[in-house]
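Architecture and fold: a report
Take a look at the letters that make up each chain.
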Amino acid sequence: MLTLAQETYDAIVAHAKRDHPDEACGVVAGPEGSDRAERFVPMVNAAGSPTFYEFDSTELLALYKDMDARDEEPVVVYHSHTATEAYPSRTDIGLASEPNAHYVLVSTRDHGNSPGPVEFRSYRIIDGAVTEEEVTITPTEKSTP
């Protein structure tokens, strides 16, 4: 099961809507081994495509160096589908290289970047096997002064 704070869920959805009609992509990092998605990191879709996403290699290398310095790992790897359902394509499955990550797909096919709901689903993808999992959204904790 994937547990996300409302603020992180909202940020992922906003990124997907903002980049529509192109696919959006990014990572939510968290402490290594914790399965806690804490730090939202929107990325540039270097492909600039409505049917494919590709992380910019320089940006991705910088992210992995930063996560390493913070003892983090990618807890969520997300991207959007602009014209199809929120289910991993064969390409998505082939690119899934983080066995501990939750792969989130957001479909903006119904409303694009206009107001309206999106399809938001999460999967585990290990050795080409796709397993959908439940997504729980929790209230964002407010820090006290």
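Parameters and conventions
- Residues numbered from 1 in each chain as written.
- Predicted model: local features only at pLDDT ≥ 70, side-chain atom pairs only at ≥ 80, totals over all residues.
- Heavy atoms only, no water.
- Phe/Tyr/Trp six-rings, centres within 6.5 Å; stacked < 30°, edge-to-face > 60°.
- Helix = DSSP H or I, 4+ residues; strand = E, 2+ residues; numbered from the N terminus.
- Buried < 20%, exposed > 50% of the residue type's maximum accessible area, 1.4 Å probe, protein only.
- UniProt positions renumbered as here; feature names shortened; annotations may be inferred.
- Contact = heavy atoms within 4.5 Å.
- Salt bridge = Lys/Arg side-chain N within 4 Å of Asp/Glu carboxyl O.

As annotated in an unreviewed UniProt entry, the protein chain carries the name M67 family peptidase and comes from Nocardioides glacieisoli.

Details of the packing of aromatic side chains
Following the criterion strictly, the structure yields four aromatic pairs and no others. Considering the side-chain rings of Tyr9 and Phe120, the 4.5 Å spacing of their centres and the 50° angle between planes classify their relative orientation as tilted. One end of the pair, Tyr9, is in helix α1 (residues 6-19); the other, Phe120, is in strand β6 (residues 119-126), with 111 residues separating them in the sequence. Tyr9 sits in the partly exposed class, given a relative accessible area of 21%.

Thoughts on the UniProt feature "domain: MPN" (unreviewed entry) in the protein chain
Cross-referencing UniProt, the feature "domain: MPN" (unreviewed entry) maps to residues 2-129 in the present numbering. Across residues 2-129 one finds 26% helix and 32% strand; the C-alpha atoms that close the span lie 17 Å apart.

Side note on the side chain of His15
Within the element layout of this structure, His15 appears in helix α1. With relative accessibility at 3%, the residue His15 sits in the buried group. Not counting chain neighbours up to four residues away, the residues in contact with His15 comprise Ala24, Cys25, Phe40, Pro42, Met43 and Tyr78.

Focus: the pattern of salt bridges
If you walk through the whole model with that rule in mind, you get ten salt bridges. Between Arg36 and Glu38 there is a salt bridge, with the nearest N and O atoms lying 2.7 Å from each other. With relative accessibility at 44%, the residue Arg36 sits in the partly exposed group. With its nearest N and O atoms 3.1 Å apart, the salt bridge here joins Asp66 to Arg70. Taking relative accessible area as the criterion, Asp66 reaches 26% and is therefore assigned partly exposed. Within the structure, one salt-bridge network assembled from shared partners comprises Glu85, Arg109, Glu119, Arg121 and Glu132.

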